[in-house]
Amino acid sequence: MTAASGDDLKIAVPALATPAAQQTEAGATDALGRQIADVIATDLRGSGLFVPVGPGGLPAPDFAQVNAPGYGVWRGMGAEALVQGYVRADQGQLTIGCYLYDVTLQTELKRAGFVVAPRDWRRAAHKCADMVYSRLSGESPFFDSRIAYIAETGPKDARVKRLAIMDSDGANHRFLTNGQNLVLTPRFSPDYKSIVYVSYQGRRPRIYVYDVGTGGQRLVLDTANQIIAPRFSPDGRTLLFSMSVGGNTDIYRMPATGGTPVRLTTSPAIDVGGSFSPDGSRIVFESDRSGKQQLYVMNADGSDQRRISFGGGAYATPEWSPRGDLIAYTRIAGGFRIGVMAPSGGNERLLTDDWQDEAPTWSPNGRVIQFFRTSPGRSGRSTVWQVDLTGRNLRRIPTPVDGSDPTWGPLLP
């Protein structure tokens, strides 16, 4: 069984069973069984490949049925696949079993088990969804990952911008900075352990690296020059960023530990928005050297710069897919829309159609894109959204306050 054709495979996801209801610090195991199933179904629905049903409205299998599904019941409901499992508490930990069945062939396709602290039950749910997604689609997983973004509060002309982090579905949200200094353009390191960003103290910009595990912050670059959008290289050893020196904005690179910036572009135009290819050999960036913002590709040492976008309007905020096959960008032509194209510049497709969608960031498997959307008017609310590569599956990611400039981290270890 596979969903590679994208024909909306119907999957039943009933509540996970429990041998006996037990209390944990995250709640009773029977309640957790329903919550875990709900997260699994929501994840699969958001992928755009499946039509999950449940857990509401479905019969809840008992513990004995986890290994012996009632295929006739699920086939009668029109399900082609079945995800079920169990939740058990033992010595302060949760054991969560996850089983995937082909209802038509009446066979087990895959199973997995996860032992987690009760507070991490959502991670186990995401991992179960990842197992199902990978087995049925043949794609790499992406649900068990996190998003960093800029949390915005206050009036539009005096916004407080804080660095925040959350699960890929918006859960487990927390603020990482206190808002005393303006924070902009976060991006994860390849190993997920760090986030690089720009912070302003007064009018002076600085590049910081935030340690996700310890909460420590390390100053990497302190300069009087304007700094834009630092990014890690795929091996995590280099930072790429734009800097304005003497009124001219170019792309620079420097060691991620700090050091002297090396200039990569020398055009009198404004060159910004660099992003490495997955193998680190090339960089995509935006430049107005042709008179309007367009996308260019160059080698990692700055050589062989060539234009790849030639459509109407302007192009901005390019980001290379983790697969290397596509570049996502913001196209500005009347409105702001998210699009993708091949690294050569061909096969351009627009995925969204709203007033202002911008700043795309890729899921770890290169199939889904998150971005932020700003509504028109004086209030101008900013919200985080995601869309898959078909452009059909669009959904908003919940955040407790306004959100902009998301960055999708790699799959969690």
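Residues numbered from 1 in each chain as written. Predicted model: local features only at pLDDT ≥ 70, side-chain atom pairs only at ≥ 80, totals over all residues. Heavy atoms only, no water.

1. A few points about the overall build of the protein
Next up, step 1: Helix and strand counts for the protein stand at three helices and 31 strands.
Next up, step 2: If you line up the protein on its principal axes, its C-alpha atoms span 70 × 45 × 40 Å.
Next up, step 3: Classification of the 413 residues of the protein by burial places 54% in the buried group.
Next up, step 4: Sequence-distant contacts, at least 24 apart, represent 44% of the contacts inside the protein between residues at least 6 apart. (Helix = DSSP H or I, 4+ residues; strand = E, 2+ residues; numbered from the N terminus. Buried < 20%, exposed > 50% of the residue type's maximum accessible area, 1.4 Å probe, protein only. Contact = heavy atoms within 4.5 Å.)

2. Comments concerning the state of the cysteines
Next up, step 1: Under the counting rule described, the total for this entry stands at one disulfide.
Next up, step 2: A sulfur-sulfur separation of 1.9 Å characterises the disulfide bridge that pairs C98 with C128. One disulfide, between C98 and C128, carries an S-S torsion of 55° and so falls in the right-handed class. With C98 in strand β6 (residues 93–102) and C128 in helix α3 (residues 121–137), this pair connects stretches of sequence that are 30 residues apart. Note on accessibility: C98 and C128 belong to one class, buried. (Disulfide = S-S within 2.5 Å.)

3. What about the sheet that holds strand β21 (residues 294–299)?
Next up, step 1: Sheet architecture is open: four strands sit in the order β19-β20-β21-β22, paired in antiparallel fashion. Edge strands, defined here as strands with exactly one partner in the open sheet, are β19 (271–276) and β22 (306–307). (Pairing = 2+ DSSP bridges.)

4. Structural notes on the pairing of strand β15 (residues 226–232)
Next up, step 1: Among the seven residues in β15, five count as buried, and that is most of the element.
Next up, step 2: In the sheet, β15 pairs with strand β16 (residues 238–245) via five bridges, with the strands oriented antiparallel. Bridge assignment links I228 to a residue of β16, and that residue is S242.
Next up, step 3: Taken together, β15 and the strand that follows it, β16, pair antiparallel across an intervening segment of five residues, in which G236 is found at a positive phi of about 75°.

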